[in-house]
Amino acid sequence: MAFNLQTFKTRTLTAILFAAVMLTGLLWNIWSFLILFTIIHFGCWYEFVKLMKKINGNQYLMYCLLGLLYITLPILMMITIGIEWRISTVQNINEILYHQLIPCSIVFSIWINDTMAYIVGSLIGKTPFSKISPKKTWEGTIGGAILCIGVIALLGYYIPIAKVVPVKDWIAIASICAVFGTAGDLLESKLKRMADVKDSGSFMPGHGGFLDRFDSLLIAVPFVWLYVKLFL
């Protein structure tokens, strides 16, 4: 495919704006976090309903109920990972706290995994990973996961604020995001194939829609939530 400067500029500018919005929502305060994931929730639902219409025709409403598991539950889990409501009648405590660390680590892990998988796959990828997504390779998938785990482990070890969580737990969270994030990407690719569309939407020029951007997160979050509740 020939290099298109205008397409490259559009994709780059969109990616920068997307990253800025995500980081603002994650890092500013509890309200920006809630607003961000409320927008993501309804944006994903809008596109999911459109896909179900294309796949199932007039019976799409029944299949839309699956969106409660696919979209609403993971978003609620993400919110409960980040927000803690502390109540104690003994100590007269009633407060809501926002913990940014784990939500940020999930998003960063998925970004790193996706980016590194693309780069490694482009450089040395030869073995197809799945018929659902022909451009994915085993080399890219494995390389992306290894680099994702390595980068998150290093950040967890060297960044002072991250040291409240042991490095082994950062490795576990990054591993979960790499494995189940890839599964989420494949699931959404399958839905798009069934609907015979290239992208789930067009809110990000050059990058697709909400589901295209958050497919990995929707599947990874429930498994990170389980890990956090059981081991942290």
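Residues numbered from 1 in each chain as written. Predicted model: local features only at pLDDT ≥ 70, side-chain atom pairs only at ≥ 80, totals over all residues. Heavy atoms only, no water.

(A) Seen up close, the pattern of salt bridges. If you walk through the whole model with that rule in mind, you get five salt bridges. With a shortest N-O distance of 2.6 Å, Lys-136 and Asp-185 are connected by a salt bridge. Residue Lys-136 is located in the loop between helix 5 (101-124) and helix 6 (138-158), and its partner Asp-185 is located in helix 7 (residues 167-195); the two are separated by 49 residues in the primary sequence. Here Lys-192 and Glu-188 are joined by a salt bridge, their closest N and O atoms 3.6 Å apart. Taken together, the residues span about one helical turn, with Lys-192 and Glu-188 both in helix 7 at a distance of four residues. On the accessibility criterion, Glu-188 (1% relative accessible area) is buried. Members of the salt-bridge network, linked through shared partners, are Glu-188, Lys-192 and Asp-212. (Salt bridge = Lys/Arg side-chain N within 4 Å of Asp/Glu carboxyl O. Helix = DSSP H or I, 4+ residues; strand = E, 2+ residues; numbered from the N terminus. Buried < 20%, exposed > 50% of the residue type's maximum accessible area, 1.4 Å probe, protein only.)

(B) Spotlight on the state of the cysteines. Per the counting criterion, the structure on display carries zero disulfides. Cysteine Cys-44 is unpaired, with the sulfur of Cys-64 as its nearest cysteine sulfur at 14 Å. Note on Cys-44: relative accessible area 0%, which makes it buried. For Cys-64, a relative accessible area of 8% corresponds to the buried category. (Disulfide = S-S within 2.5 Å.)

(C) Spotlight on the nonpolar core. Core analysis: the biggest nonpolar cluster contains 54 residues, and Phe-37, Ile-106 and Val-224 have the highest contact counts within it. At 11 residues, the largest contribution of residues to this core is made by helix 8 (residues 210-231). Among all residues touching Phe-37, those that are not within four sequence positions of it are Leu-26, Ile-75, Met-78, Ile-79 and Leu-217. (Core = buried A, V, L, I, M, F, W, Y, C linked by side-chain atoms within 4.5 Å. Contact = heavy atoms within 4.5 Å.)

(D) The arrangement of a nonpolar patch on the surface in detail. A surface patch of nonpolar side chains, amounting to about 470 Å² of accessible area, comprises Tyr-118, Ile-119, Leu-123 and Ile-124. Within the element layout of this structure, Ile-119 appears in helix 5. Accessibility expressed as a relative area gives 36% for Ile-119, which makes it partly exposed. (Patch = residues over 30% accessible without salt bridge, like charges linked within 9 Å, V, L, I, M, F, W, Y side chains within 5 Å. Areas by Shrake-Rupley, 256 points an atom, 1.4 Å probe, with all protein chains shown as cover.)

(E) Local environment of the packing of helix 2 (residues 30-56) against helix 4 (residues 67-82). For the pair helix 2 and helix 4, the least separation of the axes is 10 Å and the interaxial angle reads 175°. Our classification of the angle between helix 2 and helix 4 gives roughly antiparallel. In contact with Phe-33, Leu-34, Phe-37, Ile-40, His-41, Cys-44, Trp-45 and Phe-48 of helix 2, helix 4 contributes Gly-67, Leu-68, Tyr-70, Ile-71, Thr-72, Ile-75, Met-78, Ile-79 and Gly-82. (Axes fitted to C-alpha atoms, helices over the stretch in contact; angles between N-to-C directions. Parallel < 35°, antiparallel > 145°, perpendicular 65-115°, else oblique.)

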